[in-house]
Every structure is written in C-alpha cells, then in structure tokens.
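Listed below, chain by chain, are the residues.
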Amino acid sequence: STSSNEQKNSSDQTKKKSESTKKTSCPCSSSLDGKDWVIQCSDCKQSWHASCGNLPGTNKLSQGDLDCISQKWLCPWCYTCIFPRPKNHPSAKKEKILAEEAITCAT
C-alpha cells in the first residue's frame, strides 16, 4: 500500500511538473537563476532561455532591445529557414547518420 501511494505521489508530481513547464518556462526545464533572458516565441508562445533559443549574447542587451527582438522572434520549433541547406553542410551529414542509425535500430 505504501508503495502504491509513493507511485501515485510520484505520478502526481510528474504531472504537475509537466503542466507547469509547458509554455511558461524553457523546454530545458532548468533554472538559470536569472542569468539568461527568457524570450517568448511570437508564434507558439513557448518561452525559451535566450541561450537555448539560439540567441547567445543577448544578455548584453537592454529590456527594450529584447522586447523589439521578441516581437517577431520565432523559436527553434517554429522557425523554418527559407534557404535550402547545402548538401555538404556539417548538419546534413549528422542528419544522414542519425537517419541511418535509426533505421538500423528499428530493424
């Protein structure tokens, strides 16, 4: 009975944590203790630490500058580059390796 209560409490805590970290905090679920700006995506409204959202160096900006950026900023989940990636780009090779490993693991 104690074990089932512990499992229920653990499940409740996990559920509460996932509910509270949806859009109001960064997907990394870490606290940077105010050392990084938190920016909200203008499309999906998900919040991101600036460093997690590929905006390094923004801690040197003022709140006004950041507000200007965040009006049109799209997070890594929403942003799609309009330019095709070159076939020899390092990320293309990594994507190919990942796809090959996924197929190997699935079979």
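Anyway, here's the lowdown on the structure attached to this text. It should be emphasised that the depicted structure is a prediction, and the values quoted were computed from it without experimental measurement.

Quick look at the overall build of the protein chain
Working step 1: Summing up its helical and strand segments, the protein chain has three helices and two strands in all.
Working step 2: Expressed as a percentage of its 107 residues, the buried residues of the protein chain come to 16%.
Working step 3: With the model as given, the accessible surface of the protein chain reaches about 8,600 Å², and the carbon-plus-sulfur share is 55%.

Remarks on the pattern of salt bridges
Working step 1: This structure, assessed with the given rule, holds one salt bridge.
Working step 2: Among the salt bridges present, the one from E95 reaches R85, with a minimum N-O distance of 3.4 Å. Of the two residues, E95 sits in helix α3 (residues 90–106) while R85 sits in the loop between α2 (63–70) and α3, which places them 10 residues apart along the sequence.

Definitions and cut-offs
- Residues numbered from 1 in each chain as written.
- Predicted model: local features only at pLDDT ≥ 70, side-chain atom pairs only at ≥ 80, totals over all residues.
- Heavy atoms only, no water.
- Helix = DSSP H or I, 4+ residues; strand = E, 2+ residues; numbered from the N terminus.
- Buried < 20%, exposed > 50% of the residue type's maximum accessible area, 1.4 Å probe, protein only.
- Areas by Shrake-Rupley, 256 points an atom, 1.4 Å probe, with all protein chains shown as cover.
- Salt bridge = Lys/Arg side-chain N within 4 Å of Asp/Glu carboxyl O.

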